[in-house]
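One letter stands for each residue in the lines below.
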Amino acid sequence: MPKQVDHDERRRQIGDAVCRVMATRGLDAVSLRHVAAEAGVSMGRVQHYFATKDEMLLFAFNQISARVGDRIGAVHSADPRTYLRTLLLELLPLSAAARLEAPVLAAFLAQAVVEPRLAAPLREGAPQMVAFVADLITQVRPGGDAEQDAMALLAFVDGLMMQMLIGQVSAEVAVELVDHQLCRVFVAAS
């Protein structure tokens, strides 16, 4: 009986290898050769699943995005203020999983600046995240421009993630800064 091959699992394994290469050696190190070596497979197998480096990067980004989405989806609180705080903190490299993924996300963001195909998923997902955060803000603080506040908070967290990655801001200070920004947002229209 022929061996059953789980093609989705093989793609995920290669995607994980892309993430590990990016996290440890940077975006420039992502090549068929390096990814194949990291995944413990032949270059031919990598090429079978991904024709280009950009395809590998996009797949790896989607993998990480799904993981982040799952973690955010697991965040629950009846209190919208607590929910928003927890959500924003989950976007920072505070947990072990987020610390592994953040360098990959940062590298992907940098590449997306010059590669429109990689930027597309970021643009497409942004309005939903802004609307979700704006809704949480409105539940705590009716009035004001919740959408603008949501955009500002998400941009703030993106920048804070970068500062954490380069060691400019510690985890403790990052949490304090998120709390500070949330206080500002929640009293802005009060």
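Definitions and limits used
- Residue positions are counted from 1 within each chain, in the order its sequence is given.
- With the structure being a predicted model, the display of local features is reserved for residues of pLDDT at least 70 and the display and counting of side-chain atom pairs for 80 or more, all residues being used for whole-chain, interface and lining totals.
- Where side-chain values are given, they derive from all heavy atoms of the structure, hydrogens and water being excluded.
- Think of it this way: a Phe, Tyr or Trp ring, Trp meaning its six-membered ring, pairs with another when their centres are within 6.5 Å, and the plane angle makes it stacked under 30 degrees, edge-to-face over 60, tilted otherwise.
- Buried means the residue's accessible area, taken with a 1.4 Å probe over protein chains only, is under 20% of the maximum for its type, while exposed means over 50%, and partly exposed covers the values in between.
- Whenever Lys or Arg places a side-chain nitrogen within 4 Å of a carboxyl oxygen from Asp or Glu, that contact is recorded as a salt bridge.
- Nonpolar cores were defined as sets of buried Ala, Val, Leu, Ile, Met, Phe, Trp, Tyr and Cys residues, with membership established by side-chain atoms within 4.5 Å.
- These domain boundaries are the output of an automatic or database domain assignment.
- Any pair of residues with heavy atoms lying within 4.5 Å of one another is described as a contacting pair.
- Counting from the N terminus, the helices are DSSP H or I runs at least four residues long and the strands are E runs at least two residues long.
- Given the number of residues in a helix, its expected span is that number minus one, multiplied by 1.5 Å.
- Bend, at a single residue, is the angle you get between axes fitted to the 7 residues ending at that residue and the 7 residues starting at it.

An unreviewed UniProt entry annotates the protein chain as HTH tetR-type domain-containing protein of Lentzea aerocolonigenes.

Caption draft 1: Focus on the packing of aromatic side chains. Taken as a whole and assessed by the stated rule, the structure comprises three aromatic pairs. Ring plane angle 55 degrees and centroid distance 5.3 Å describe the contact between F50 and F59, whose orientation is recorded as tilted. Taking relative accessible area as the criterion, F50 reaches 1% and is therefore assigned buried. Judged by centre distance (3.9 Å) and plane angle (10 degrees), the rings of F61 and F108 are stacked.

Caption draft 2: Quick look at the pattern of salt bridges. What the rule picks out here adds up to eight salt bridges. It is possible to trace a salt-bridge network through shared partners that takes in R20, R25 and E38.

Caption draft 3: Just the nonpolar core, in detail. Counting 57 residues, the largest nonpolar core has L84, L88 and L92 as the members making the most contacts within it. Viewed by domain, this core spans two of them, domain 1 (1-74) and domain 2 (76-190), each represented by three or more residues. The contacts of L84, once residues within four sequence positions are left out, are V133, L136, I137, L153, L182 and F186.

Caption draft 4: Main features of helix α7 (residues 116-140). Compared with an ideal rise of 1.5 Å per residue, which puts 25 residues at 36 Å, α7 spans 36 Å between its outermost C-alpha atoms and is within 8% of the ideal. Helix geometry: α7 is bent most strongly at A126, by close to 30 degrees, with proline P127 lying one to four residues after it. All of the buried residues along α7 are L118, A119, A120, V130, V133, A134, L136 and I137. Against α4 (53-73), α5 (80-90), α6 (96-114), α8 (146-165) and α9 (171-187) lie the buried residues of α7.

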